[in-house]
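Secondary and tertiary structure notes
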Amino acid sequence: AQSVTQPDIHITVSEGASLELRCNYSYGATPYLFWYVQSPGQGLQLLLKYFSGDTLVQGIKGFEAEFKRSQSSFNLRKPSVHWSDAAEYFCAVGARAAGNKLTFGGGTRVLVKP
Amino acid sequence: DSGVTQTPKHLITATGQRVTLRCSPRSGDLSVYWYQQSLDQGLQFLIQYYNGEERAKGNILERFSAQQFPDLHSELNLSSLELGDSALYFCASSVASGGATDTQYFGPGTRLTVL
């Protein structure tokens, strides 16, 4: 069965500083990987996704993520954080088998200090 | 705005009651997924429908059921409600039923409070 671990429950970062959110997955084959962001009181917005090909994926809002098969990781990065990036971030793995359920990590809540 | 709509936004009810949550997928999407987000369980997949047929099932309780109608909207029915059913329920939709290019887009959620 697939699983996702986000080791950091909370991260506090200063505005303008870089951000990296960790994600480790467990899956028997090459997975589909996603990062979603949830702002307070909002639904989930897709930031980026990896299916195959180039292991460095660019997303919206200046985010990027790198798929590292050897480390079973898909870490999310942003070079310079804005106050509006304060939110909860979820990493998810999708199954390649029939059906398309997403398995989510526990989420990382990002706080941005002025 | 993802294009996925969910009603109602908030629902407050009592234990033992039954409620229905509604979801309209993005135009052209054939799959609808239901997820539950709670403090103790996190985000969990409940069930998927594709073009009216059940496609995949997750950790959905027997007290819960869902269906997808010919116009592709979906309803999630929760019965004999318990305090622990209080959660945010998300609907998502995608074009197909899986595969390399199939991406799920999420609605704003329905917050259910069981008193």
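Residues numbered from 1 in each chain as written. Chains lettered and ligands numbered in written order. Predicted model: local features only at pLDDT ≥ 70, side-chain atom pairs only at ≥ 80, totals over all residues. Heavy atoms only, no water.

Okay, the state of the cysteines next. Residues and elements named next belong to chain A. Following the criterion strictly, the structure yields two disulfides over all chains and no others. The disulfide partner of Cys-23 is Cys-91, and the gap between their sulfur atoms is 2.0 Å. Taking the sign of the torsion about the S-S bond as the criterion, the disulfide between Cys-23 and Cys-91, at about -65 degrees, is left-handed. Here Cys-91 lies in strand 10 (residues 87-94) and Cys-23 lies in the loop between strand 3 (19-21) and strand 4 (24-26), a separation of 68 residues in the sequence. (Disulfide = S-S within 2.5 Å. Helix = DSSP H or I, 4+ residues; strand = E, 2+ residues; numbered from the N terminus.)

Here the focus is the packing of aromatic side chains. All names here are of chain A. Considering all chains together, one arrives at 16 aromatic pairs over all chains under this definition. Taking the centre distance of 5.9 Å and the plane angle of 55 degrees together, the rings of Tyr-36 and Phe-104 count as tilted. With Tyr-36 in strand 5 (residues 32-38) and Phe-104 in strand 11 (residues 102-104), the pair connects residues that are 68 residues apart, well separated along the chain. Under the relative-accessibility criterion, Phe-104 is labelled buried at 8%. (Phe/Tyr/Trp six-rings, centres within 6.5 Å; stacked < 30°, edge-to-face > 60°. Buried < 20%, exposed > 50% of the residue type's maximum accessible area, 1.4 Å probe, protein only.)

In this section: the interface of chain B and chain A. Across the boundary between the two partners, chain B contributes 22 residues, which contact 17 residues of chain A. At the boundary of chain B with chain A, total buried surface from both sides reaches about 1,500 Å², with 56% on carbon and sulfur atoms. Linking chain B with chain A are zero salt bridges. Taken together, the connections running from chain B to chain A amount to four residue pairs in polar contact (both at pLDDT 80 or more). (Contact = heavy atoms within 4.5 Å. Buried area = accessible area lost by both parts, 1.4 Å probe. Salt bridge = Lys/Arg side-chain N within 4 Å of Asp/Glu carboxyl O. Polar contact = N/O pair within 3.5 Å; in protein donor to acceptor, adjacent residues only side chain to side chain.)

Moving on, we come to empty space enclosed by the protein. Residues and elements named next belong to chain A. Under the definition given, this model contains one cavity of 30 Å³ or more. By volume, the largest cavity is sized at about 50 Å³. Along its surface, the largest cavity is lined by Val-37, Ser-39, Leu-47, Lys-61, Phe-63, Ser-84, Asp-85, Ala-87 and Tyr-89. Across the lining of the largest cavity, the residue classes break down as five nonpolar, two polar and two charged. (1 Å grid on protein atoms, 1.4 Å probe; cavity = no way out; pocket = protein on both sides within 12 Å on 5 of 7 lines; lining within 4 Å. Points joined across faces, edges and corners; volume = space filled by probe spheres on them. Nonpolar A, V, L, I, M, F, W, Y, C, P; charged D, E, K, R; others polar.)

This part is about the environment of Pro-79 of chain A. All names here are of chain A. As for its placement among the helices and strands, Pro-79 is situated in the loop between strand 9 (73-78) and strand 10. Owing to a relative accessible area of 62%, Pro-79 belongs among the exposed residues under this scheme. Considered as a pair, Pro-79 and Leu-19 are 60 residues apart in the sequence and their alpha carbons are 6.4 Å apart.

All we've got here are geometric facts, nothing functional implied.
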